[in-house]
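# Structural features, examined
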Amino acid sequence: MSKERKMTITIPREEYMSPGHLACQGCGASLAMRLALKGLGQKTIVCIPACCWAVIDGPFPHSSLDIPIYHCAFETAASSASGVRAGLDMVGDTETTVLAWAGDGGTFDIGLQALSGAAERNDDIVYTCYDNEAYMNTGIQRSSATPIGAWTTTTPVKHYKKERKKDIIGIMAAHGLPYIATASVAYPEDMVKKFRKAREIRGTRFIHVFAPCPAGWKSRPEDTVKLARLAVQTGYFPLFEIENGERWTLNLKVKERKPIAEYLKLQGRFRHLKEDEITLIQQEVDARWEKILKNCGL
Amino acid sequence: MSKKKEARKITFESEKEMPVAPMSLGSMLYNKTGAWRNIKPVIDLSRCIKCGICWKFCPDASIDIVDDWPQINYVYCKGCGLCAEECPQKCIAMVEEEK
């Protein structure tokens, strides 16, 4: 290729995450943090409850992020962030963004009460849930974000998960938040754009990030981005935003959705599924997709 | 960041040396994660179209842009193979690590 051609840079070059962190190979969560901070910038404080990122960041007295991190208890991501925000307001700092960065366990299950409280008070924080669909840090236990049909260590193959994934976006939309978005690590430009947009909005902002986990999903580490992309292209994890609790926008209009089987077959946690069970999952995905299209007015 | 990042592990001789509050004093750069690797990515720059996709997707921030070319930082690359998988030119090969 020609030597004169410039490198295509579509997202900010600044790195706020240093290498040497403790994430597994091909970790979707570490990629999510890297992209999120590219959108939020240097003036950010992160509150991290017990989750994979509490480990990835590194042991005391080291940290792999170039911004301040506050490690808090499992259920308090949102309330700690509210507290940090209140402290910053007291010293007159309105510029700094407070980011609560919790996993799906800390958002869907354990932290839901604190999150709902912060959302009700409309505290000025960015709450991000990076969703790897189980308690990966403690050994792949089922969470309420685990999708139907999935294997985890607490839902073994014979008794795989029969319940649906909790509709966290629906719950947050019911709170009427100023900004809600879903983002995927496979679409970095979209993700950085959403975090940048969230930074400029005041009030509680909720971003649901899809972060594949090779260790827990029993997938190949190199497939992380492919899985995240397939999740969007199959309609399993659509990319959309909700402004002021009512204006829905679909960011990526998938014309021809791929069959969900393509996404499922790359993961060992769905290996036990039979043809008719995959058909059932396909129907669920279709129903959810139709609902989101309807909400977006399409 | 004003202070230069050092790849040094911080240790304390006694508890008196420790800070009053548990706070971070240095970066994780001392942790040379390249040792985790079994296979390593090698970029064939003659076929590289400088799309920046490998740099964009590296979960370990281990691909640097040096003189407008992607360069893999083998000190920290964990060898996940994401860059090789995502490269549209397929010009990144995963080769066995010699040890």
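Residues numbered from 1 in each chain as written. Chains lettered and ligands numbered in written order. Predicted model: local features only at pLDDT ≥ 70, side-chain atom pairs only at ≥ 80, totals over all residues. Heavy atoms only, no water.

Right, let's get into the layout of surface pockets. Residues and elements named next belong to chain A. Within this model, the second largest pocket holds a volume of roughly 520 Å³. Around the second largest pocket sit 25 residues that line it, and K165, D167, Y236, E284 and R288 are the ones nearest its centre. At the level of elements, α6 (168–174) and α11 (275–295) are the ones that each hand at least two residues to the lining of the second largest pocket. The residue inventory of the lining of the second largest pocket, partitioned by class, reads 13 nonpolar, five polar and seven charged. (1 Å grid on protein atoms, 1.4 Å probe; cavity = no way out; pocket = protein on both sides within 12 Å on 5 of 7 lines; lining within 4 Å. Points joined across faces, edges and corners; volume = space filled by probe spheres on them. Helix = DSSP H or I, 4+ residues; strand = E, 2+ residues; numbered from the N terminus. Nonpolar A, V, L, I, M, F, W, Y, C, P; charged D, E, K, R; others polar.)

So, about empty space enclosed by the protein. Residue and element names in this part refer to chain B. A complete count under the given rule lists two cavities of 30 Å³ or more for this structure. Considered as a void within the structure, the largest cavity measures approximately 100 Å³ in volume. What lines the largest cavity is a set of 15 residues, among which C58, I63, C77, C80 and C83 lie closest to the centre. Only α1 (53–57) and α2 (82–86) provide two or more residues apiece to the lining of the largest cavity. Within the lining of the largest cavity, the residues separate by chemical class into 11 nonpolar, two polar and two charged. Contributing to the lining of the second largest cavity are 13 residues, with C48, C51, C54, C87 and C91 lying nearest its centre. In terms of residue class, the lining of the second largest cavity is built from 11 nonpolar, one polar and one charged.

Our next topic: the interface of chain B and chain A. Taken together, the 47 residues of chain B in the interface contact 50 residues of chain A. In total, chain B and chain A occlude about 3900 Å² of area from one another, counting both sides; carbon and sulfur atoms represent 59% of this. When the buried surface of chain B facing chain A is broken down by residue, M28(B), W55(B) and K56(B) rank first, second and third, together holding 18% of it. Connecting chain B to chain A are four salt bridges. Close ionic contact of E189(A) with K56(B) constitutes a salt bridge, the shortest N to O distance being 2.6 Å. Taken together, the connections running from chain B to chain A amount to 22 residue pairs in polar contact (both at pLDDT 80 or more). Counting only elements with at least two residues in the side of chain B that touches chain A, the list comes to β1 (26–27), α1, β4 (69–72) and α2 of chain B. Here the side of chain B that touches chain A is composed, by residue class, of 26 nonpolar, 10 polar and 11 charged. (Contact = heavy atoms within 4.5 Å. Buried area = accessible area lost by both parts, 1.4 Å probe. Salt bridge = Lys/Arg side-chain N within 4 Å of Asp/Glu carboxyl O. Polar contact = N/O pair within 3.5 Å; in protein donor to acceptor, adjacent residues only side chain to side chain.)

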